[in-house]
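Structural description and commentary
Next come the chains, spelled out residue by residue.
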Amino acid sequence: MRTLKIAALAAAALVLAAIATIYGLLRGSVPQLDGQLHAPGLGAAVRITRDALGVPTLEAADRLDLAYATGFAHAQDRFFQMDLSRRLAAGELAELFGPVALDQDRQTRLFRFRAVARRVLEDANPRQRALLESYTRGVNAGLARLRVRPWEYLLLGAPPVPWRAEDSVLVVHAMWWDLQVNGLRRERLRQEINARLGGPQCVDGWKCALGFLYPAGTSWDAPAAAAATTVAEAPQPVPDASALNVRGAAPAPAPAQAMRTPSAGSNSWAVSGALTSTGAALIANDMHLGQRVPPVWYRARLRVPAKGSEPQLDLNGVTLPGAPLLVAGSNGHIAWGFTNSYGNWFDVAQAPCAPPAGAAPTADAPLTVTHEEIRVRGAASVGLDIRSGPLGVLWRSDADDGRCWFVAWLAQRPEATNLNLVELEHLGSVAEAVSLAPAIGIPHQNVVLGDREGHIAWTIFGRIPVETASGRARVSTSWTTPAQHPRIVDPPLGRLWTANARVASDPRELQLIGGALTSLGAEYDLGARASQIRDDLMGLGGAITAADMLRIQLDDRALFLQRWQDLLLRLLDASALQDRPQRAEFRALIEHWDAHASVDSVGYRLVRAYHDHTQQAVWDMVVGALRIPDGEGSWPPAQFEGPLWEVVSRQPLHLLAQDYPDWQQFLLAQVDATIAALAPLCPQLARCTWGAGNTARIRHPLSRALPWLASFLDMPTLELPGDHDMPRVQDGAFGQSERFAVSPGHESEGYLHIPGGQSGHPLSPYYRAGFDAWARGQPLPFLPGPAQHTLTLAP
């Protein structure tokens, strides 16, 4: 017995020793917060202070040392995030994760972004190149100063690869990918519809498909600075059966599960100083992205004292780990925020393929071949032959119909990406920022700007080809000048807004954004969010404050779905409810909904589910009748709402599948299908709340592979209000990746949220700091608070 006790104690001691060793290793990669560290490569000492949330204030003698300090802080807190960004863009994830990442690497390696990044670095001016090199030294110093390599690499059993200057450009290319790649897939579908319906005379396929060429200015269109109130959509001609005959096609496809794929988007708006409490402009911004751990953005204050003729630099807002500059926020003179600008930033073209015997199809035109090797952890490298020709890179080949699809994307052009965003740091006015806009090389963004004198503006940051015809991404050699670039400056309304929908009204500016696809809307969002933000802003009087901006950002009223609730109440009449207790319960639950996407709303969830199911069913009927490859089950474009409402309102029989005798039976069938789809999720319909379906699981990239560590690695799982098509955007773990409002020169009155903490280390006190305030919508100060820790980097 004594021997057993000794053995048990020894085993327990070994377990405790193993736990202590693991804990010690993990603690070893938590950054040092106080004291002094030797930092080779600095010109002078740098001070890094942190407040109660871990938000750093970086103070350096000059801009190069500030870049070094930024790289140091990014690496210590977020190196794994930076590594994933550069690997995503370069197609090098399999080198870290093995074969599981091969498919993703094949997709991105097609565009050879690492080679593009090297060209961008070569073309950068000496000052910007020096900035990147100093940042790179800081990253590698920050990595080296951790006593143990970042904890993710301990789990993966792999060493971190040192940072290179070109990697910071790859981080920008990763944003190109996140923000624009879905448009490539959508463009192919549009061309398929064109080929079957419109032909050359119909450039906007899905509008032509239904014959509803609804113009800008309808109820879900809210261009910036236009005060038009919501109006009814003008009736449009319904196509006759010769244009599109759904009824004469094959039976309707089986109902698809309506799965909305969130698209990168954002809200941003500006209020002129004439309407604010401070007299300075007021900028509000919330960028919508996939939410993850750690968050996309890294809060920071970056400071350099005045020296001689050089003014003080004081930047506040959010940075992107991997890049040495402020992405959005304020420099004390101007403030700015972004929303993704949908436009024609790429060309997708098809050409006949001639398949050699026993080989995949290749285009008729001669193609050049570039061979790439994808390194795969734990396996042999995989070769990838990238074929390109006059139409771009070979993206897809369809052996069945002998077609090749080619892509030319502005992101592939070295001159479309640069570091000119850093030049915003010292600008003192909106006018200067608008003039700089055409030269800024980032994925195209609507930017709203405001200065401390009260001026406001909208423009696009991102290089825009002057050519507007089809093929401009591959053939255009000229870029817009300040005189040509889209802009709105100091509108009479004193307000500007953008929410991924149409912003400009000028025909030439719309052409520059949309190219040959202007009438399609260039993938613009529907405009429901934009119109709700517009109306919220127009409802404010004078002396507008940051608190007013937060109320708009948290607005979850369901104005967009109101007409669908009305349709359902008319549809579910006495005859439709007879001997149908489930329908009767459905009607009772939506009849007195609170018209908010609130967590406890059953009515909202039911109306939203019905809308999505009906939209998907109508879309699938159309693309099924057209026999579009991969069309059925694809999510309709945002602008499909106009044709959809026209169809369900006017109910043309030839646009209805033969399975249904009339449109009323079709619409009732969607009620039944909605109830059936919700049944596995909600055994009791009366408890089918929106929050139960809109649960945010904001996860670390490794937690899916390590489920036993999920509670340690992930943010708390919460039911959250909000949805698409309203200002408060939240769809599971997609939504507001930050929220802020600020007036330049009055930063102490602003607020700033991110959905998580500053640190990427789960043992850090700053891993979850600030998450609860973001989830509850409670404002946190825009500026960092009093210093609680001070670290000095000495040269």
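Notes on the structure follow. (Residues numbered from 1 in each chain as written. Predicted model: local features only at pLDDT ≥ 70, side-chain atom pairs only at ≥ 80, totals over all residues. Heavy atoms only, no water.)

Along the backbone of the chain there are 23 helices and 25 strands. For the chain, the residues scored as buried account for 60% of the 795 residues in total. For the chain, contacts bridging at least 24 residues in sequence account for 73% of all contacts bridging at least 6. (Helix = DSSP H or I, 4+ residues; strand = E, 2+ residues; numbered from the N terminus. Buried < 20%, exposed > 50% of the residue type's maximum accessible area, 1.4 Å probe, protein only. Contact = heavy atoms within 4.5 Å.)

The next thing to look at is unusual backbone geometry. Of note, the amide linkage connecting Val 293 to Pro 294 takes the cis form, showing an omega dihedral of -10°. Counting through the fold element by element, Pro 294 comes out in the loop between β5 (282-290) and β6 (298-304). The backbone phi angle of Asp 579 is positive, close to 60°, even though this residue is not glycine. Relative to the helices and strands, Asp 579 resides in the loop between α16 (574-577) and α17 (581-591). Phi at Gln 651 takes a positive value of approximately 55°, unusual for a residue other than glycine.

Bringing the sheet that holds strand β11 (residues 368-374) into the picture now. Pairing is antiparallel across the open sheet formed by 5 strands, whose spatial order is β10-β14-β13-β12-β11. The open sheet terminates on both sides in strands that have one partner only, identified here as β10 (346-352) and β11. Ignoring which end each strand starts from, the neighbouring axes of this sheet average 35° apart. Note that strand β12 (residues 382-389) and strand β13 (residues 392-398) share 2 bridges and pair antiparallel. From the neighbouring strand, Ser 388 faces β13, where its bridge partner is Val 393. Contacting β11 and β12, helix α4 (residues 102-109) crosses the sheet at an angle of about 145° to β11. (Pairing = 2+ DSSP bridges. Axes fitted to C-alpha atoms, helices over the stretch in contact; angles between N-to-C directions.)

For the coordinates displayed, the defined rule picks out 2 disulfides. The disulfide partner of Cys 682 is Cys 688, and the S-S distance across this bridge is 2.2 Å. Its S-S torsion of about 55° marks the bond between Cys 682 and Cys 688 as right-handed, since a negative value means left-handed. As far as the burial class goes, Cys 682 and Cys 688 line up, both buried. (Disulfide = S-S within 2.5 Å.)

What follows deals with the pairing of β10. Burial analysis of β10 places 5 of its 7 residues in the buried class, which makes it a mostly covered element. As paired elements, β10 and strand β14 (residues 403-409) share 7 bridges and run antiparallel to each other. Within β14, the position partnered with Asp 347 by the bridge is Ala 408.

Following the sequence through the fold, Asn 446 ends up in strand β15 (residues 445-451). A polar atom in the side chain of Asn 446 sits 3.3 Å from the backbone oxygen of Asn 340. Within the local environment of Asn 446, its side chain forms a polar contact with the side chain of Thr 498, the two groups lying 3.3 Å apart. (Polar contact = N/O pair within 3.5 Å; in protein donor to acceptor, adjacent residues only side chain to side chain.)

Another point: the nonpolar core. With 148 residues, the main nonpolar core has Trp 409, Phe 461 and Leu 793 as its most contacted residues. If you tally residues by element for this core, the top one is helix α2 (residues 63-90), at 14 residues. Apart from residues no more than four positions distant in its own chain, Leu 793 is found in contact with Leu 37, Ala 39, Leu 42, Ala 44, Ala 45, Val 46, Ile 48, Tyr 68 and Phe 72. Leu 561, Leu 571, Leu 644 and Leu 656 belong to the second largest nonpolar core, which has 55 residues in total. (Core = buried A, V, L, I, M, F, W, Y, C linked by side-chain atoms within 4.5 Å.)

Turning to the sheet that holds strand β8 (residues 326-330), a few remarks are in order. Read across the sheet, 11 strands follow the order β1-β25-β2-β3-β6-β7-β8-β9-β15-β16-β17 without closing on themselves; strand pairing throughout is mixed. Here the strands that pair on one side only, and so sit at the sheet edges, are β1 (35-38) and β17 (487-489). Averaged over all pairs of adjacent strands, the angle between strand axes in this sheet comes to 25°, irrespective of strand direction. Relative to β17, strand β16 (residues 456-461) is paired through 3 bridges, and the arrangement is antiparallel. Within β17, the residue paired with Thr 459 across the bridge is Arg 487. In the packing of α2 onto the sheet, the strands contacted are β1, β2 (46-50), β3 (56-59), β6, β7 (313-319) and β25 (789-794), and the crossing angle to β6 comes to about 160°.

Running from amino to carboxyl end, helix α18 (residues 602-626) crosses helix α20 (residues 663-678) at an angle of 120°, the nearest separation of the two axes being 9 Å. Here α18 is positioned oblique relative to α20, judged by the angle of their axes. The two elements α18 and α20 cross, and the hand of that crossing is right-handed. Contacts between α18 and α20 involve Arg 605, Leu 606, Ala 609, Tyr 610, His 613, Thr 614, Ala 617, Val 618 and Met 621 on the former and, on the latter, Trp 663, Phe 666, Leu 667, Gln 670, Val 671, Ala 673, Thr 674, Ala 677 and Leu 678. Of the residues contributing to the contact of α18 with α20, the split by class is 13 nonpolar, 4 polar and 1 charged. (Parallel < 35°, antiparallel > 145°, perpendicular 65-115°, else oblique. Left-handed = near helix turned anticlockwise from the far one by under 90°. Nonpolar A, V, L, I, M, F, W, Y, C, P; charged D, E, K, R; others polar.)

Per the counting criterion, the structure on display carries 34 salt bridges. A salt bridge links Arg 114 to Asp 167; its shortest N-O distance comes to 3.1 Å. Of this pair, Arg 114 sits in helix α5 (residues 113-123) while Asp 167 sits in helix α8 (residues 165-198); the two residues are 53 residues apart in sequence, bridging distant segments of the chain. Relative accessible area serves as the criterion here: at 9%, Arg 114 is assigned to the buried category. Close ionic contact of Asp 525 with Arg 529 constitutes a salt bridge, the shortest N to O distance being 3.3 Å. Its relative accessible area of 14% is what places Asp 525 among the buried residues. (Salt bridge = Lys/Arg side-chain N within 4 Å of Asp/Glu carboxyl O.)

Note that Ala 439 resides in the loop between α10 (430-436) and β15. Taking the C-alpha atoms as reference points, Ala 439 and Phe 461, separated by 22 residues in sequence, lie 8.0 Å from one another. Residues within four places of Ala 439 in sequence aside, it is in contact with Asn 418, Asn 420 and Arg 463.

On to the pairing of β14, then. Judged by how many residues are buried, β14 sits mostly within the fold: 7 of 7 residues are covered. Side chains Arg 403, Trp 405, Val 407 and Trp 409 of β14 all project onto a buried face; the interleaved residues Cys 404, Phe 406 and Ala 408 project onto the opposite face, where all are buried too. Two strands pair when backbone bridges link them, and β13 and β14 are joined in this way by 5 bridges, in the antiparallel orientation. Bridge pairing in β14 links Arg 396 to Trp 405. Between the antiparallel neighbours β13 and β14 lie 4 residues, among them Gly 402 with a positive phi of about 65°.

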